[in-house]
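For reference, the chains in residue letters:
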Protein chains: 2
Amino acid sequence: MQSIIGYYTTKFGELWDKSLFDLVEEAIFGALKNAGIGKERIDAIFFGNMMAGVLENNLHSPSKIAEIIGGHIPVFRAEAACASGGMAFHLASQYLAAKAGKTVLVLGAEKMTDYAPEETVTALTAASSGEEQEAGLTFPGLYAMMAQAYFARYGATKKDLAHVSYKNHYHGTLNAHAHFRRKVTVEEVLKSAPVAYPFGVLDCSPITDGAAAVVLTEDKALLKKCPHAVSVLSTAVATDSISLKGRRDLTGIEATQIAAQKAFKGAGLKPEDIRVAEVHDCFTIAEIFAMEDLGFWKKGEGGRRASSLETLLGSGSSLTVNTSGGLKAAGHPVGATGIKQVGELYLQLTGQAGPRQVKGARYGLAHNVGGSGGSAIVSIFGK
Amino acid sequence: MQSIIGYYTTKFGELWDKSLFDLVEEAIFGALKNAGIGKERIDAIFFGNMMAGVLENNLHSPSKIAEIIGGHIPVFRAEAACASGGMAFHLASQYLAAKAGKTVLVLGAEKMTDYAPEETVTALTAASSGEEQEAGLTFPGLYAMMAQAYFARYGATKKDLAHVSYKNHYHGTLNAHAHFRRKVTVEEVLKSAPVAYPFGVLDCSPITDGAAAVVLTEDKALLKKCPHAVSVLSTAVATDSISLKGRRDLTGIEATQIAAQKAFKGAGLKPEDIRVAEVHDCFTIAEIFAMEDLGFWKKGEGGRRASSLETLLGSGSSLTVNTSGGLKAAGHPVGATGIKQVGELYLQLTGQAGPRQVKGARYGLAHNVGGSGGSAIVSIFGK
C-alpha cells in the first residue's frame, strides 16, 4: 500500500519576489521536512508544470530540479495542462507500484503572474485545440459555452453558480495559504464584472503563483516512523477530445466520469463513502459538473444542490467539498493545483486541517482536470 | 518480460507539408499496423515532445492524442528536452511493470522546421539553464566548451571528431528514413562552415521534423502472435545539474555513466555483450563521450578509437554504433530521437534492418541525453 507521509505548500498568490524554481525549492525541502526525512530517502521526483516553456523558455526541468536537490536521481516532468499535477501524481504512484523505487516526491509548481495578463492568457489557451485558439476562444469562453448548454438543458441559473463561489471563498478564509481570503456574497458574485456569459470575474479561478509537494512511500519501515499517513486507495486517468466539437456532450466532462468509475472500482468504494473532496472548480460551472460526473449528484440537479450549500463546511451534510478554497479561492497555479488537492486531503484525513477540519472523514477524493475536459485524474485516499 | 512488437518511423527531414499532429497520427497508426493490432489493444500512450509549447503554443498533448486515436485511454506527456522520447519510453516501461496495462504505445515527435531558425534555436536553449541562456550560449557552444575541455585533457583532435560524422553519414545513406542520405568525407567535415570551435556545421546534428512510435507489451498471448519481438532487459534514468558550472567534470557526462551502470546491472550484462548501439550524437564529441561513459571505451581513448572507425558497419569489430545514421545523419527531431533509437534496435535485433543489418547481434543498447547532459536514459534490449 502506498502512503502519503508529508506535504508542503507555499503560499498561493501573486508572489513577485519568487521565481518558479524558488517555489520548487521551497516545496521540495518543505515536504521533506514535513515528512521528517532527508533527501537521500527520495528515489525519484515527479514534477507537474504546464507553462514554464511558453512563458519563460524554461524546459528540461528534470535537470533543473536535480540541480536544486543535488545528486543524480531520476526526475520526470509530466504535462497535461491544468491536470499536470494530477498526472505527475498518477505516474509517481505507478512508479512505486512498478517497484522502481520505495519513496518518491511529487511536486507541482507554476509561476504565472510575472507576465502581461495577455501573455499568460495566451499561454493558457495552449491547452485548447488549434481551431479553438484561432477562433479566439479563451478558457472562460469554452466553459461559458458549456455552462450555457447546461443551463439550456437543466434550467440552472447564474445564481446557482454564484453559490459555488460563495462557498469556496468562505473556505478560503480558513486557509492561510489561499490566494484569496475574503468572503464574497452571492450578490457580489452576481454583480461582478462580466467575463463571458454567464461568468463574472468571481465565477473564475485566478492567475496564481505557487508550488506544492507530497512525499509518497511504500517503505513500511519509514511509514512506521511517521506520525501522519494517508493511504492511496486508487488513482485513475482518462482522456477525451481536446476540442469541444469532438465531445459527445457539453453538459459534463466524460473524462471525469470514466476516471471516477475506474477510481471507485479500484478503491472498492462508492461516492457515498467520501466525506471530503477537492474537485476542479476552475469556473463555478466546473464544480457542478464535477459533482455530477464524480457520481455525488445526479445529472441535472447540480444547480439546485449547489444553491443548497450542502457541501459547505459545517452544513451538516455528509460531504464537504473544496475545503482548501478550491481553485476559485485558494488559487490555481496550474501545475501545483493537482498536488495541493492531494495535500489538502492528507491534511483532512490526518486531522491537521485546523479551522477547516472536516470531522470524521475516513475517505477523500481528489479530482483534477486538464483544459476544458480533455484529460482528468481521480484519486481516492483513506486513513 | 516486456517486449517491443512493432515500430514505425516517419521520414525524418524538413517536412513542410506535415504538422506535428500529422506526424503523430502517421506514427501511431503505422506502429499499430506494424504490430498487427488494432487501437483497442492499447491501454495507454506515452508521448515524448519538447518544443510544441514554445514553438506553436501547443500543450495538453494527451488530449490532442486522444482526439486522434479516439476514445478515452490514458495518455501521458513526458518532457526532458532532447531526452523526452527516452523518458517517455522509461515511464511506459514502469507503467507496464506496475501492471497498469498490458500493452502501451510509446511515441515521440517534434516539428522544428516551420519557424525562423533563430526561433527554433532559442526554443532549444530552453533545455539549458537561465544563466547559460542569458550568456548567449547555444547548444553548439555548450558542447564546444566540453569538447575543448576534452581536447585539453586527452589530446584528441578536430579530425578525430570528423570521423564520427563520416561514419554516421555513411550509415545514413543506408537508412531510407534518414534526414541526410549522402556521404561526407573527413575533409569535408573539417572544412565545413565553423559553428563553435571545434565544431563545423558537419559536426552538428540538424534541425529535423519527424515522429516515431513503438508498441510495448507484456501480454503473452499477443506476443505469441507477433513474428518479430525484442525484450526490454532494463531501462535506467539519471540526472545531473543543468548548468555546466554545476558539473564535476566537463570531459564526459556523469548522468550517462550512472544510468549505464544501472542499466547493465539491471540487464545482467556487460558492455562487451552489446553488438549494436544507438547513442546520442547531437554533436560529434557527444558520441565520443557516450562511448566512454557507457563503458565501451576507456576514458580518454575516444579520439583515437573514433578515428579507427571500428564502430562503422562492416568494420569487423564487435560493436556497431548508430546504424540509423545517429542524430547526425538520420536527423534529430528532439522528442522522436529516443524512440527512433529504440526502434532501430528493434529492427536490428529482429533482422529487419536491411542494408544496414548488423549480423549476429543478440543485445542492443539505446542512449538518449537531455540538454548538455542534465538527464540521460540508457535502455538495453535482447532478442
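Residues numbered from 1 in each chain as written. Chains lettered and ligands numbered in written order. Predicted model: local features only at pLDDT ≥ 70, side-chain atom pairs only at ≥ 80, totals over all residues. Heavy atoms only, no water.

Description of the overall build of chain A
- The helix and strand inventory of chain A stands at 15 helices and twelve strands.
- Principal-axis analysis of the C-alpha atoms places the extent of chain A at approximately 55 × 45 × 35 Å.
- Long-range contacts, defined as pairs at least 24 residues apart, comprise 78% of the intrachain contacts of chain A with a sequence gap of at least 6.
- By element, 53% of the accessible surface of chain A is carried by carbon and sulfur atoms, the whole surface being about 12400 Å².
- Here chain A holds 38 positive side-chain charges and 37 negative ones, and the gap between their average locations is 9 Å. (Helix = DSSP H or I, 4+ residues; strand = E, 2+ residues; numbered from the N terminus. Contact = heavy atoms within 4.5 Å. Areas by Shrake-Rupley, 256 points an atom, 1.4 Å probe, with all protein chains shown as cover. Lys, Arg positive; Asp, Glu negative; His and termini not counted. Charge placed at Lys NZ, Arg CZ, Asp CG, Glu CD.)

A few points about unusual backbone geometry
Residues and elements named next belong to chain A.
- A cis amide bond links Tyr197 to the next residue, Pro198, at an omega of 15 degrees.
- Looking at the secondary structure, you find Pro198 in the loop between β5 (194-196) and β6 (199-200).
- At Asn57, a residue that is not glycine, the phi angle is positive and equals roughly 50 degrees.
- Judged by its relative accessible area of 14%, Asn57 is buried. (Buried < 20%, exposed > 50% of the residue type's maximum accessible area, 1.4 Å probe, protein only.)

Overview of the relation of the copies chain B and chain A
- Of the transformation superimposing chain B on chain A, the axial component is 0.0 Å and the angular component is 180 degrees, with the fit at an RMSD of 0.0 Å. Given the turn and translation reported, the copies of this chain are related as if by a two-fold rotation axis. Looking at the rotation axis and the C-alpha trace of chain B, the residue lying nearest is Ala98 of chain B, at 1.9 Å.
- A symmetric contact is evident, with 100% of the interface residues of chain B recurring at the interface of chain A. (Least-squares fit on C-alpha atoms with pLDDT ≥ 70 in both.)

Let's talk about the side chain of Asn49 of chain B
Residue and element names in this part refer to chain B.
- Within the secondary structure layout, Asn49 lies in the loop between β2 (44-48) and α2 (52-56).
- Overall, Asn49 belongs to the buried group, its relative accessible area being 2%.
- Side chain to side chain, Asn49 and Glu110 meet in a polar contact 3.2 Å long.
- Not counting the four nearest positions on each side in its chain, Asn49 is found in contact with Leu20, Arg77, Ala78, Glu79, Ser84, Ala109, Glu110 and Gly335. (Polar contact = N/O pair within 3.5 Å; in protein donor to acceptor, adjacent residues only side chain to side chain.)

As for the layout of surface pockets
Residue and element names in this part refer to chain A.
- Considered as a void within the structure, the largest pocket measures approximately 730 Å³ in volume.
- Taken together, 32 residues line the largest pocket, and the ones lying closest to its centre are Leu124, Cys204, Ser205, Pro206 and Ile207.
- Broken down by secondary-structure element, the contributors of at least two residues to the lining of the largest pocket are α5 (117-125) and α7 (139-154).
- When residues of the lining of the largest pocket are assigned to their parent elements, the largest contribution, four residues, is made by α5. (1 Å grid on protein atoms, 1.4 Å probe; cavity = no way out; pocket = protein on both sides within 12 Å on 5 of 7 lines; lining within 4 Å. Points joined across faces, edges and corners; volume = space filled by probe spheres on them.)

Some points on the environment of Leu190 of chain A
Residues and elements named next belong to chain A.
- With respect to the helices and strands, Leu190 occurs in helix α9 (residues 186-191).
- Residues Leu190 and Leu161, 29 residues apart in the sequence, show an inter-C-alpha distance of 9.0 Å.
- Beyond its immediate sequence surroundings of up to four residues, Leu190 is in contact with Lys158, Lys159 and Ala162.

Thoughts on the pairing of strand β2 (residues 44-48) of chain A
Residues and elements named next belong to chain A.
- Among the five residues that make up β2, five are buried, leaving the element largely enclosed by the rest of the structure.
- Side chains Ala44, Phe46 and Gly48 project from β2 onto one buried face, and the interleaved Ile45 and Phe47 project onto a second face that is buried too.
- Taken together, the four bridges between β2 and strand β3 (residues 75-78) define a ladder with parallel strand orientation. Across the sheet, the residue bridging to Phe47 is Arg77, located in β3. (Pairing = 2+ DSSP bridges.)

Here's the deal with the interface of chain B and chain A
- Across the contact, 54 residues belong to chain B and 54 residues belong to chain A.
- Each partner contributes to the roughly 4000 Å² buried at the junction of chain B and chain A, and carbon and sulfur atoms together form 57% of this total.
- Considering only the side of chain B, the residues that lose the most area to chain A are Asn57, His60 and His72 of chain B, jointly responsible for 19% of the buried surface there.
- For the pair chain B and chain A, the interface holds two salt bridges.
- Among the ionic pairs, Arg77 of chain B bridges to Glu79 of chain A, the shortest N-O distance being 2.7 Å.
- Our enumeration of links across chain B and chain A arrives at 29 residue pairs in polar contact (both at pLDDT 80 or more).
- Elements that contribute at least two residues to the side of chain B that touches chain A include exactly α2, α3 (61-69), β3 (75-78), α4 (84-97), α5 (117-124), β8 (230-239) and α11 (254-267) of chain B.
- Of the residues in the side of chain B that touches chain A, the class split is 26 nonpolar, 21 polar and seven charged. (Buried area = accessible area lost by both parts, 1.4 Å probe. Salt bridge = Lys/Arg side-chain N within 4 Å of Asp/Glu carboxyl O. Nonpolar A, V, L, I, M, F, W, Y, C, P; charged D, E, K, R; others polar.)

Brief notes about the nonpolar core
- Residues Phe46, Phe89, Val106 and Phe381 of chain A together with Phe46, Phe89 and Phe381 of chain B are the most contacted members of the largest nonpolar core, which totals 76 residues.
- Those residues in contact with Phe46 of chain B that lie beyond four places of it in its chain are Leu91 of chain A together with Phe76, Ala88, Leu91, Ala92, Tyr95, Leu105, Val106 and Leu107 of chain B. (Core = buried A, V, L, I, M, F, W, Y, C linked by side-chain atoms within 4.5 Å.)

Some remarks on the packing of aromatic side chains
- If you walk through the whole model with that rule in mind, you get 18 aromatic pairs over all chains.
- Relative to Phe289 of chain A, the ring of Tyr150 of chain A lies with its centre 5.7 Å away and its plane at 65 degrees, an arrangement referred to as edge-to-face. Highlighted residues: Tyr150 of chain A in helix α7 and Phe289 of chain A in helix α12 (residues 284-293), separated in sequence by 139 residues.
- Assessed through its relative accessible area of 1%, Phe289 of chain A is described here as buried.
- For the pair Phe46 of chain B and Tyr95 of chain B, a centre-to-centre distance of 5.2 Å together with 70 degrees between the ring planes defines the contact as edge-to-face. On the criterion of sequence distance, the pair formed by Phe46 of chain B in strand β2 and Tyr95 of chain B in helix α4 is long-range, its members being 49 residues apart. Of the two residues, Phe46 of chain B and Tyr95 of chain B, neither departs from the other in class, the shared state being buried.
- Members of the aromatic cluster, joined through ring pairs, are Phe46, Phe76 and Tyr95 of chain A. (Phe/Tyr/Trp six-rings, centres within 6.5 Å; stacked < 30°, edge-to-face > 60°.)

A few points about helix α7 (residues 139-154) of chain B
All names here are of chain B.
- Under the 1.5 Å per step criterion, the end-to-end length of α7 is 22 Å for 16 residues, consistent within 8% with the ideal 22 Å.
- The complete set of buried residues in α7 reads Phe139, Pro140, Gly141, Leu142, Tyr143, Ala144, Met146, Ala147, Tyr150 and Phe151.
- Positive phi appears at Gly155, one or two residues downstream of α7, with a value of about 75 degrees. (Expected span 1.5 Å × (residues − 1).)

Thoughts on the pairing of β8 of chain B
Residues and elements named next belong to chain B.
- Counting buried residues along β8, nine of its ten residues qualify, which places the element largely inside the surrounding structure.
- Two strands pair when backbone bridges link them, and strand β1 (residues 3-9) and β8 are joined in this way by two bridges, in the antiparallel orientation. Bridge pairing in β8 places Ser3 opposite Ser231.

Things to note about the pattern of salt bridges
All names here are of chain A.
- Per the counting criterion, the structure on display carries 34 salt bridges over all chains.
- Where Glu26 meets Lys18, a salt bridge forms, and the shortest distance between an N and an O atom there is 3.0 Å.
- Among the residues examined, Glu26 registers a relative accessible area of 23% and is labelled partly exposed.
- Of the residues examined, Lys18 reaches a relative accessible area of 29% and is grouped as partly exposed.
- Glu301 is the salt-bridge partner of Arg304, the closest N and O atoms lying 3.6 Å from each other.
- Residue classification places Arg304 among the exposed positions, given a relative accessible area of 57%.
- Here Glu301 falls in the buried class, since its relative accessible area comes to 17%.

Interpretation in functional terms is not warranted from these geometric data alone.
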